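# A structural walkthrough
Okay, here's what each chain looks like letter by letter:
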Amino acid sequence: RETVDVPLLLYEIPGRTNAAMKAETVQAMAEDGTIIGMKYSSYDMPEFIKVMKYAGDKIAVMSGEEPLFATHLKLGATGGVLATANVVPRAWTRIFNLASSGNLDEAIACQHELAPLLEAVFCEMNPGPLKHAMALSGLPVGDVRLPLLPPTDQTISKLERAVAAAMSQEELLLAPAA
């Protein structure tokens, strides 16, 4: 923290790094001012609960796992850093609002509606599938660069179906109530 003069966000993603932060380490980093927040991208719920207990009142803890987003919010997360929010931002905003207002059951039901999109985007190593999904949703962000690879034809077919369905579902969320 002395080397760089910018706020730091810890990125907890043991699936990519093969190393997991202990809640006690996050607490120490929060208390000494090393970090102002963290993106928690792990399915280790007991450790997430400990992170919230030890550091949740000191830093912004954000969910990085779409399937756990509403649950993370209910347990004290302040928000999320979600890849597919780039594709269907209004759907994730609705899930955030529902979970934040205490309607966890409906928030989780809305998350379940996005399951085909999540399955398609994460069936291969990202960011290839995510970039393709973003292009399908009207946000072309370019192709991946080597050594990364674009999604396979099979994944592209899944993405086409899933993005179309998710965008239709998102439009339904915005339709006025009858």
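No experiment lies behind these values; they were computed from the predicted model shown.

Parameters and conventions
Residues numbered from 1 in each chain as written. Predicted model: local features only at pLDDT ≥ 70, side-chain atom pairs only at ≥ 80, totals over all residues. Heavy atoms only, no water. Helix = DSSP H or I, 4+ residues; strand = E, 2+ residues; numbered from the N terminus. Rg over C-alpha atoms; globule rule 2.2 N^0.38 Å. Buried < 20%, exposed > 50% of the residue type's maximum accessible area, 1.4 Å probe, protein only. Pairing = 2+ DSSP bridges. Right-handed = clockwise from strand over helix to strand, strands pointing away. Polar contact = N/O pair within 3.5 Å; in protein donor to acceptor, adjacent residues only side chain to side chain. Contact = heavy atoms within 4.5 Å. Phe/Tyr/Trp six-rings, centres within 6.5 Å; stacked < 30°, edge-to-face > 60°.

So, about the overall build of the chain. Each helix and strand counted, the chain has nine helices and four strands in total. Starting at the N terminus, the α and β elements of the chain follow one another as β-α-α-β-α-β-α-β-α-α-α-α-α. In summary, the chain has a C-alpha radius of gyration of 17 Å against a globular reference of 16 Å for 178 residues, a match within 12%. Across its three principal directions, the C-alpha atoms of the chain cover 50 × 45 × 30 Å.

Turning our eyes to something else, we now look at the pairing of strand β2 (residues 37-40). Residues G37 and K39 point to one face of β2 and M38 and Y40 to the other, with burial holding for every one of them. Note: strand β1 (residues 9-12) against β2, four bridges, orientation parallel. Residue pairing in the sheet places L10 in a bridge with M38 of β2. Pairing analysis gives four bridges linking β2 to strand β3 (residues 60-63), with the strands arranged parallel. Counterpart to K39 in the pairing with β3 is M62. Regarding the hand of the β-α-β motif, the stretch spanning β2, helix α3 (residues 45-55) and β3 is right-handed.

Of note, S42 is situated in the loop between β2 and α3. A polar side-chain atom of S42 sits 3.1 Å from the main-chain amide nitrogen of D44. Setting aside residues up to four positions removed in sequence, S42 forms contacts with E12, P14, E65, L68 and H72.

Before going further, it helps to examine the packing of aromatic side chains. Applying the stated criterion across every chain, the model contains two aromatic pairs. Ring centres of F69 and W92 lie 5.6 Å apart, and the angle between their planes is 85°; on these two criteria the pair is classed as edge-to-face. A residue pair is termed long-range when its members are at least 10 positions apart, and F69 in helix α4 (residues 69-74) and W92 in helix α5 (residues 89-100) qualify at 23 residues. When sorted by exposure, F69 lands in the same class as W92, which is buried.

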